[in-house]
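Here are the chains, one letter per residue:
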Amino acid sequence: MSAPSPISRLSSALPFWLSLALIPLAAIGAIRGGWTVLLLPIYGWIGVTLLDAAFGQNHGNPDPLTPDGELFWYRLITLIWFPIQFIVLYSLIWYATRADHLGTAEKIGLFFGMGVISGSVGINYSHELMHQKNRVERWLGDLLLATVMYSHFRTEHLLVHHRYVGTPRDAVSARYNEGFHRAFFRVLRDGPGSAWRAETQLLARAGRNPRHRSNPFWRYMLLQAGALALALTLGGWEGVALFLTQAFVAIWQLELVNYIEHYGLTRRHLGEGRYEHVQPRHSWNADHRVSNWLLINLQRHSDHHWKPDRRFPLLQTYVAGEAPQLPFGYPAMTALAMIPPLWRRRMNPRVRDWRRQFYPDIEDWSAYNAGANPMPRGS
């Protein structure tokens with residue numbers, strides 16, 4: 001009998017279970033209050049960034065043909081995360097609304113931290129799950145998104161973002177010189193309608209109207225209503241307010257990540273609404289070791305768009321000649337994105353270098369910068 005490959009061992013997968021360290025921090029914040037309610041964001045941004053600096057980068061690439069059967073220990077953390085997050089979220093709602101030692105500011109801080117869990121981990125894991133073919137994983141992804149009131153993200157991500165990334169049709173492809181705050185409100189405004197149009201177009205091609213039971217928006221609405229109703233049952237209107245606080249923080253974190261993943265990167269317009277195919281060069285790559293452990297290799301985003309159905313342990317990294325590189329991992333980059341002048345100073349030169357490297361023949365970038373190129377055909 002041949003020995004199992006190294007990737008199939010629990011010891012190889014355990015670093016990707018780093019997200020579990022967030023759970024005791026949430027409990028400490030709830031029980032002790034005070035400054036400890038800030039432990040979650042401190043760990044998520046500052047702690048992981050320092051660990052990235054200490055542990056460096058991982059340039060290694062696993063065998064992309066590794067079968068699913070050898071990835072059990074990697075997949076398991078994404079499969080068990082919904083019940084973990086569900087218990088933590090609703091336990092905090094029940095506890096915080098009855099805890100006399102927690103003031104209003106402490107409760108807001110605690111549920112800001114809960115948003116770190118449901119955003120940095122929950123939405124990220126839902127992203128991995130929604131890309132899979134089996135119904136159990138896709139349902140778990142839907143359940144996670146319902147806990148942050150962002151269920152339409154599945155439709156927008158699968159039917160719009162992956163198809164139209166780097167074109168004017170994709171709201172989350174941040175434009176060159178566009179600050180995060182403007183991009184954030186544009187996505188909040190345009191995203192739900194864009195997802196609805198994508199689903200209704202899909203239904204129309206099947207000869208069905210938008211009210212057909214196969215429209216996933218029915219499921220989205222029911223799951224989100226159930227999530228809100230449970231918060232109301234456990235914590236009253238204060239519980240609903242705390243639930244919505246963590247949901248907003250989670251969405252804010254998701255869109256921060258979306259912003260940095262494709263900032264300034266565009267696909268060549270070939271004329272008449274036709275665009276070049278998606279390549280690794282159309283997403284920023286980062287192979288910082290510890291933040292990739294926490295974010296289950298989301299930072300190997302160039303490969304994710306190149307091979308969207310590739311499971312996270314098998315995602316490949318690229319050198320600078322193949323894909324643009326972020327200077328830091330996502331925790332540090334998202335903090336930088338919150339200060340647009342500093343972001344532009346750091347990233348705009350990299351975008352200009354990327355343009356010279358991959359598109360030296362394009363002299364006028366004004367239509368790309370403004371998102372004014374024609375909409376892709378069929379969108």
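Residues numbered from 1 in each chain as written. Predicted model: local features only at pLDDT ≥ 70, side-chain atom pairs only at ≥ 80, totals over all residues. Heavy atoms only, no water.

J.: In this structure, what is going on with the overall build of the protein chain? I would like to understand it.
T.: In terms of helices and strands, the protein chain carries 14 helices and 2 strands. For the protein chain, the C-alpha radius of gyration of 21 Å lies close to 21 Å, the compact-globule estimate for 379 residues. On the principal axes, the C-alpha backbone points of the protein chain span a range of 65 × 55 × 50 Å. In the protein chain, which comprises 379 residues, the share counted as buried stands at 55%. The contacts of the protein chain with a sequence gap of at least 6 include a subset with a gap of at least 24, amounting to 74%. (Helix = DSSP H or I, 4+ residues; strand = E, 2+ residues; numbered from the N terminus. Rg over C-alpha atoms; globule rule 2.2 N^0.38 Å. Buried < 20%, exposed > 50% of the residue type's maximum accessible area, 1.4 Å probe, protein only. Contact = heavy atoms within 4.5 Å.)

J.: Could you clarify how one ought to interpret the pattern of salt bridges in this entry?
T.: Two side chains of opposite charge can pair, provided their charged atoms sit close to one another. In total, this model carries 13 salt bridges according to the counting rule given. E137 is paired through a salt bridge with R75; the nearest N and O atoms lie 3.6 Å apart. Residue E137 is found in helix α6 (residues 135-146), and its partner R75 is found in helix α4 (residues 72-96); the two are separated by 62 residues along the sequence. Note that D142 is salt-bridged to R154, the shortest N-O span being 3.2 Å. (Salt bridge = Lys/Arg side-chain N within 4 Å of Asp/Glu carboxyl O.)

J.: Looking at this structure, I do not really get a nonpolar patch on the surface. What am I missing?
T.: A grouping of L10, L14, F72 and W73 is seen on the molecular surface, where their side chains present a nonpolar patch of about 360 Å² in accessible area. In this structure, L10 sits in helix α1 (residues 10-13). The class for L10 is partly exposed, based on a relative accessible area of 35%. (Patch = residues over 30% accessible without salt bridge, like charges linked within 9 Å, V, L, I, M, F, W, Y side chains within 5 Å. Areas by Shrake-Rupley, 256 points an atom, 1.4 Å probe, with all protein chains shown as cover.)

J.: In this structure, what is going on with the packing of helix α9 (residues 216-262) against helix α12 (residues 330-337)? I would like to understand it.
T.: Two measures define how a pair of helices packs: the angle their axes make with one another and the distance between the axes. Where α9 contacts α12, the two axes come as close as 9 Å, and the packing angle between them is 95°. Taken together, α9 and α12 sit at an angle that is classed as roughly perpendicular. Along its contact with α9, which presents L256, V257, Y259, I260 and E261, the element α12 presents Y330, M333, T334 and A337. The residue inventory of the contact of α9 with α12, partitioned by class, reads 7 nonpolar, 1 polar and 1 charged. (Axes fitted to C-alpha atoms, helices over the stretch in contact; angles between N-to-C directions. Parallel < 35°, antiparallel > 145°, perpendicular 65-115°, else oblique. Nonpolar A, V, L, I, M, F, W, Y, C, P; charged D, E, K, R; others polar.)

J.: Even after reading the chapter, I still don't get unusual backbone geometry, so can you show me in this structure?
T.: With the exception of glycine, most residues fall at negative phi, and the peptide bonds are largely trans. A positive phi is found at M149, a non-glycine position, where the angle reads about 60°. For M149, the position within the fold is in the loop between α6 and α7 (153-164). Relative accessible area serves as the criterion here: at 23%, M149 is assigned to the partly exposed category.

J.: I would appreciate a short explanation of the packing of helix α8 (residues 180-205) against α9 in the present structure.
T.: At their nearest, the axes of α8 and α9 sit 10 Å apart, and the two run at 110° to each other. Classified by the angle their axes make, α8 and α9 are roughly perpendicular. For the pair α8 and α9, the sense of crossing is right-handed. Residues F180, A183, F184, V187, L188, P192, A195, W196 and E199 of α8 form the contact with α9, whose own contacting residues are P216, F217, Y220, F248, I251, W252, E255, L256 and Y259. (Left-handed = near helix turned anticlockwise from the far one by under 90°.)

J.: What exactly am I supposed to notice about the environment of V116 here?
T.: Relative to the assigned elements, V116 resides in helix α5 (residues 104-130). In this structure, the C-alpha to C-alpha distance between V116 and L22, residues 94 residues apart in sequence, is 8.9 Å.

J.: Looking at this structure, I do not really get α7. What am I missing?
T.: The periodicity of an α-helix, 3.6 residues per turn, causes residues three or four positions apart to be oriented the same way. Within α7, 9 of the 12 residues are buried, which leaves it mostly tucked inside the rest of the structure. Buried residues belonging to α7 abut α5, α6, α8, α9 and α11 (301-306). Downstream of α7 by one or two residues, G166 has phi in the positive range, about 75°.

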